[in-house]
Amino acid sequence: QSEDVLGYFVNLERIPNSCSLPPNHISLKDRKILVNISMASYRVYISAYNEAGESPRAIYIVPEFSVTDLPGQIHAKSLGTNAVVTWTPEYNPKCFVVDWGTGKEDMHMKIVTTATGNFTLENFQPYKLYKIMIHASDVCRCESFIRHEKTFGVTHFYSVEGVPRTGPTNVTILNITKHSALVKWTEIAAEDRLGFLQGYRISYTDSSREKSPAVTLNSSITSYHLTGLKEKTTYRVQISGFTNAGEGPLTLSQPFSTPKYGTVEPLCICI
């Protein structure tokens, strides 16, 4: 029934918005609109209208932006349940708008209008990953933030780091030969890391219980080629992840056997 539509109402709502103002209301005839927004979260409401009235609203959540080249760097330091936030390079707009939280539904907003080199955010919980964003604005009226704020920097922060609560999943042994095997796994889920994941450790022993030196890998690696294995020998592989707080639990022991000749089929255990 687009031929009966006279125009559209678009409301752009910032998430969160501590100013307690209604979303920006835009009326237009076209079915598209270009708006410049910061990297904060936004909810868009769209409705159509004609002489009979206004339609129900469609709701769209703007996806998160990937972090690109931003003008500044943010640094957060734990102070108990609080975080002291500083930034570089020095920058002095009329005000900063700060967002922090664990996700779209758990974000807080703070407006900093004083000239300062740092500020304190409160009530951080341990072992949870927080996102902190600083937006700069030279117009410090609440109703103007959406139109004027620009993202200055983004960082992630744990007030207290813990060790991962689990190891990686889907440990698979592939391409098994007389003297080598390829170990692959799925990275530890973000909610199970409890800290910034620094890497993985692979431990493996043979059937005589001779333990080989553990292999330490960085967190971006999810496969490793074991070499120097004995032919016709059973090995057991376990993998753990570690943060700055220490090493998490090992995965279940994953067995595989090297052949005397040729290769064998891959073996997988999914947790």
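Residues numbered from 1 in each chain as written. Predicted model: local features only at pLDDT ≥ 70, side-chain atom pairs only at ≥ 80, totals over all residues. Heavy atoms only, no water.

Novice: How should I be thinking about the pattern of salt bridges in this particular structure?
Specialist: One pass over the structure, following the stated rule, counts nine salt bridges. Of the charged contacts, one joins Asp99 and Arg14 as a salt bridge, the two residues approaching to 2.8 Å between their closest N and O atoms. Of this pair, Asp99 sits in strand 8 (residues 95-103) while Arg14 sits in strand 1 (residues 7-15), placing them 85 residues apart in sequence. Taken individually, Asp99 and Arg14 each receive the classification buried, so the pair is uniform in this respect. (Salt bridge = Lys/Arg side-chain N within 4 Å of Asp/Glu carboxyl O. Helix = DSSP H or I, 4+ residues; strand = E, 2+ residues; numbered from the N terminus. Buried < 20%, exposed > 50% of the residue type's maximum accessible area, 1.4 Å probe, protein only.)

Novice: Help me understand the sheet that holds strand 9 (residues 106-112), please; the structure alone is not making it clear to me.
Specialist: Strand pairs in the sheet, formed through backbone hydrogen bonds, run parallel or antiparallel to each other. Pairing is antiparallel in the open sheet, where four strands are placed in the order 9-8-11-12. Edge positions in the open sheet fall to strand 9 and strand 12 (150-157), since each of these has one partner strand only. The average undirected angle you get between the axes of adjacent strands in this sheet is 15°. For strand 11 (residues 130-137) and strand 12, the ladder comprises seven bridges, and the chain directions are antiparallel. Bridge pairing links His135 to Thr151 in strand 12. (Pairing = 2+ DSSP bridges. Axes fitted to C-alpha atoms, helices over the stretch in contact; angles between N-to-C directions.)

Novice: How should I be thinking about the side chain of Asp99 in this particular structure?
Specialist: A relative accessible area of 0% places Asp99 in the buried class. Reaching out from Asp99, the side chain makes a polar contact with the side chain of His135 at a distance of 2.9 Å. In contact with Asp99, not counting residues within four places along its chain, are Arg14, Pro16, Ala40, Met107, His108, Met109, Lys131, Ile132, Met133 and His135. (Polar contact = N/O pair within 3.5 Å; in protein donor to acceptor, adjacent residues only side chain to side chain. Contact = heavy atoms within 4.5 Å.)

Novice: Please clarify how the packing of aromatic side chains should be interpreted in this entry.
Specialist: The description of an aromatic ring pair uses the distance of the two centres, along with the angle that the planes make with each other. If you walk through the whole model with that rule in mind, you get 10 aromatic pairs. For the pair Phe9 and Tyr49, a centre-to-centre distance of 4.5 Å together with 20° between the ring planes defines the contact as stacked. Of this pair, Phe9 sits in strand 1 while Tyr49 sits in strand 3 (residues 41-50), and the two are 40 residues apart along the sequence. Ring geometry for Phe96 against Phe152: centres 6.2 Å apart, planes inclined by 65°, an arrangement best described as edge-to-face. Taken as a pair, Phe96 in strand 8 and Phe152 in strand 12 lie far apart in primary sequence, 56 residues in all. Residue classification places Phe96 among the buried positions, given a relative accessible area of 3%. Classification of Phe152 by relative accessible area gives buried; the value is 3%. Here a set of aromatic residues connected by ring pairs shows up, and it is made of Trp87, Phe96, Phe119 and Phe152. A cation over an aromatic ring shows up here: Arg57 above the ring of Tyr45, its NZ or CZ 4.1 Å from the ring centre. The ring of Phe242 carries Arg201 above its face, with NZ or CZ at 4.1 Å from the centroid. (Phe/Tyr/Trp six-rings, centres within 6.5 Å; stacked < 30°, edge-to-face > 60°. Lys NZ or Arg CZ within 6 Å of the ring centre and 35° of its normal.)

Novice: What exactly am I supposed to notice about the layout of surface pockets here?
Specialist: To find the voids left in a structure, one rolls a probe of water-molecule size over its atoms. Roughly 250 Å³ of internal volume is contained in the largest pocket. Every residue lining the largest pocket is counted, 14 residues in all, and those nearest its centre are Val10, Lys32, Ile33, Val44 and Ile46. Every element with two or more residues in the lining of the largest pocket is listed here: strand 1, strand 2 (24-28) and strand 3. With three residues, strand 1 is the largest single contributor of residues to the lining of the largest pocket. Computed from the structure, the second largest pocket encloses a volume of approximately 210 Å³. In terms of lining residues, the second largest pocket is bounded by 13 residues, among which Ile37, Ser38, Met39, Lys150 and Thr151 are the most central. Going through the elements one at a time, helix 1 (145-148) and strand 12 are the ones with two or more residues in the lining of the second largest pocket. Residue composition of the lining of the second largest pocket, grouped by class: four nonpolar, six polar and three charged. Residue-level mapping places the lining of the second largest pocket at the junction of two domains, with at least three residues from each of domain 1 (7-62) and domain 2 (74-157). (1 Å grid on protein atoms, 1.4 Å probe; cavity = no way out; pocket = protein on both sides within 12 Å on 5 of 7 lines; lining within 4 Å. Points joined across faces, edges and corners; volume = space filled by probe spheres on them. Nonpolar A, V, L, I, M, F, W, Y, C, P; charged D, E, K, R; others polar. Domains from an automatic or database assignment.)

Novice: Where do I start with the confidence of the model for the chain in this structure?
Specialist: Detailed reading of predicted coordinates is not advised where the pLDDT is low. Mean pLDDT over the chain: 86, with 89% of residues reaching 70 or higher. Per-element mean pLDDT across the chain ranges from 56 in strand 21 (residues 267-269) up to 96 in strand 19 (residues 246-247). (pLDDT = per-residue confidence, 0-100.)

Novice: Any chance you could explain the sheet that holds strand 7 (residues 82-88) here in plain terms?
Specialist: As summarised here, the arrangement of the three strands in space is 6-7-10, forming an open sheet in which the pairing is antiparallel. Each edge of the sheet is formed by a strand with only one pairing partner; in this case those strands are strand 6 (73-79) and strand 10 (118-121). This sheet shows a mean twist of 25° between the axes of neighbouring strands, independent of strand direction.

Novice: I tried to follow the environment of Thr166 on my own but got confused; where do I start?
Specialist: Position of Thr166 relative to the elements: it lies in the loop between strand 12 and strand 13 (169-174). For Thr166, a relative accessible area of 28% corresponds to the partly exposed category. When the C-alpha positions of Thr166 and Ile188 are compared, they lie 7.2 Å apart, and in sequence the two are 22 residues distant. In this view, Thr166 contacts Ile188, Asp192 and Pro249; residues no more than four positions away in its chain are not counted.

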